[in-house]
Amino acid sequence: MKTQTLGTSEIFTSAVTLTPEAPERFDLAFTAMTQPCPWPKAYGGDLVAQAAAAAMRSVTDGKTLHSMHSYFLRPADIGAAVRYEVELLRDGRGYSTRQVRAYQNDKPIYVCLAGFAAGEPGGSFLAELTEPVPDPDDLPSSAAYLAGRDGGSMTERSKEYWSGGRSFDMRHVPGPVYLTVEGEPVPHQAVWVKPFDPLRPVAGLTDAQRDLAALAYVCDYTILEPVLRVLDLAWARPELVTASLDHAMWFHRPGPVEGWLLYVQEAVAAEAGRGVGLGRFFTPDRRHLATVVQEGMIRLV
């Protein structure tokens, strides 16, 4: 496993660089590596983005990924290969559908259905942002926020990862929930996200496809945070254990992932050890690019 370089988007582009393999179960197969992180299991966004890349590489008639619906079945090992088997369920004139199953240690760990659309003339509607949000340049980076701070289950390795190990600069409104929940435990937040440096080309994907995979990758880092916030739970609370359970994402319109994007999030529900978060990605000029809904396990042990 190569040494991870911090503060670079190469962590993401390495994650979605797939190696074609002979299929064993379905029509096409690829392998990809999960990326280093300081937790007992791999980051769930690795699986979502890698599955998106595998599905996109199976569609060769110009259709664009418009939705993914995923289930996380088992934890993935860190720094280990995952095998993605793609089933070509349907190819029509306007729409195509793929199933992607991920395997590690010969067991299924993740499954998704992905839909692709050719696109056609129709009406357009843009969701509106009603609340003002500070500019990202007026907010501290994760590295700046965490400098000199400690507590809870935070280690130097986890601080390093939060600061620069996730490919994207992330700036929270209100402040992050790494160590404490600052202010009132409100059920909403916003996060400005931007790659640390320009995204590199990814073999087998167009730049537009790579950018869709980038949204699928980065969305999972913070989507449960509004639920944690309203429950007054910080990531570094020693008793806290979380895991992604299921995930849905819709890609509404294209947009480059190169500058700042605003990820607006809210808690939908929390009950019985589970929570649901909803998020929407906007460009700085308020074009709505994508919507995410995710349910996760939120457990205090």
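Model, not experiment: these values are computed from the prediction.

Moving on, we get to the packing of helix H2 (residues 44-57) against helix H5 (residues 207-218). A pair of packed helices is captured by two measures, namely the crossing angle of their axes and the spacing between those axes. Packing of H2 against H5 leaves a shortest axis separation of 8 Å and a crossing angle of 155°. Relative to H5, the element H2 lies roughly antiparallel. Here H2 runs over H5; the crossing is right-handed. Taken together, the residues of H5 that come into contact with H2 (itself represented by Gly45, Asp46, Val48, Ala49 and Met56) are Gln209, Leu212, Ala213, Ala216 and Tyr217. A breakdown of the residues in the contact of H2 with H5 according to their chemical character gives 7 nonpolar, 2 polar and 1 charged.

So, on to the UniProt feature "domain: Acyl-CoA thioesterase-like C-terminal" (unreviewed entry) in the chain. The feature "domain: Acyl-CoA thioesterase-like C-terminal" (unreviewed entry), as given by UniProt, occupies residues 162-298 in the numbering adopted here. Across residues 162-298 one finds 15% helix and 42% strand; the C-alpha atoms that close the span lie 20 Å apart.

Right, let's get into the sheet that holds strand S1 (residues 19-21). Read from one edge of the open sheet, 12 strands run S1-S2-S4-S5-S6-S3-S9-S12-S11-S10-S8-S7, paired in antiparallel fashion. Two strands close off the open sheet at either side, each with one partner strand: S1 and strand S7 (168-173). Within this sheet the neighbouring strands show an average axis-to-axis angle of 25°, counted without direction. Looking at chain direction, S7 and strand S8 (residues 188-195) are connected through 6 bridges and run antiparallel. Across the sheet, the residue bridging to Met170 is Val193, located in S8. Contacts from H5 reach strand S3 (64-72), S7, S8, strand S9 (240-251), strand S10 (261-271), strand S11 (274-282) and strand S12 (288-300), with the element oriented near 150° to S9.

The feature "domain: Acyl-CoA thioesterase-like N-terminal HotDog" (unreviewed entry), as given by UniProt, occupies residues 38-115 in the numbering adopted here. From the first C-alpha to the last, residues 38-115 spans 33 Å; its make-up is 18% helix and 50% strand.

With 7 of 10 residues buried, strand S5 (residues 95-104) is to be regarded as a mostly interior element. Both strand S4 (residues 81-91) and S5 contribute to a ladder of 8 bridges, which runs antiparallel. Its bridge partner being in S5, Asp91 is matched across the sheet by Ser96. What sits between S4 and S5 in their antiparallel hairpin is a turn of 3 residues. Relative to strand S6 (residues 107-117), S5 is paired through 10 bridges, and the arrangement is antiparallel. The partner of Tyr103 across the bridge, within S6, is Pro108. Count of turn residues in the S5/S6 antiparallel hairpin: 2 residues, of which Asn105 carries a positive phi of about 55°.

A separate point is the environment of Pro134. Structurally, Pro134 can be placed in the loop between S6 and helix H3 (142-146). Remark: the alpha-carbon pair of Pro134 and Pro174, spanning 40 residues in sequence, is separated by 9.6 Å. With residues up to four places along the chain from it excluded, the contact list for Pro134 reads Leu139, Val173 and Trp192.

What follows covers the pattern of salt bridges. All told, the structure shown has 15 salt bridges when counted by the stated rule. Among the ionic pairs, Glu24 bridges to Arg83, the shortest N-O distance being 3.7 Å. Highlighted residues: Glu24 in the loop between S1 and strand S2 (28-33) and Arg83 in strand S4, separated in sequence by 59 residues. We note a salt bridge from Glu295 to Arg274, for which the minimum N-O separation is 3.0 Å. Within this pair, whereas Glu295 is found in strand S12, its partner Arg274 is found in strand S11, the two being separated by 21 residues in sequence. A network of salt bridges, in which partner residues are shared, links Glu24, Arg25, Arg83, Glu85 and Asp106.

Criteria and cut-off values
Residues numbered from 1 in each chain as written. Predicted model: local features only at pLDDT ≥ 70, side-chain atom pairs only at ≥ 80, totals over all residues. Heavy atoms only, no water. Axes fitted to C-alpha atoms, helices over the stretch in contact; angles between N-to-C directions. Helix = DSSP H or I, 4+ residues; strand = E, 2+ residues; numbered from the N terminus. Parallel < 35°, antiparallel > 145°, perpendicular 65-115°, else oblique. Left-handed = near helix turned anticlockwise from the far one by under 90°. Contact = heavy atoms within 4.5 Å. Nonpolar A, V, L, I, M, F, W, Y, C, P; charged D, E, K, R; others polar. UniProt positions renumbered as here; feature names shortened; annotations may be inferred. Pairing = 2+ DSSP bridges. Buried < 20%, exposed > 50% of the residue type's maximum accessible area, 1.4 Å probe, protein only. Salt bridge = Lys/Arg side-chain N within 4 Å of Asp/Glu carboxyl O.

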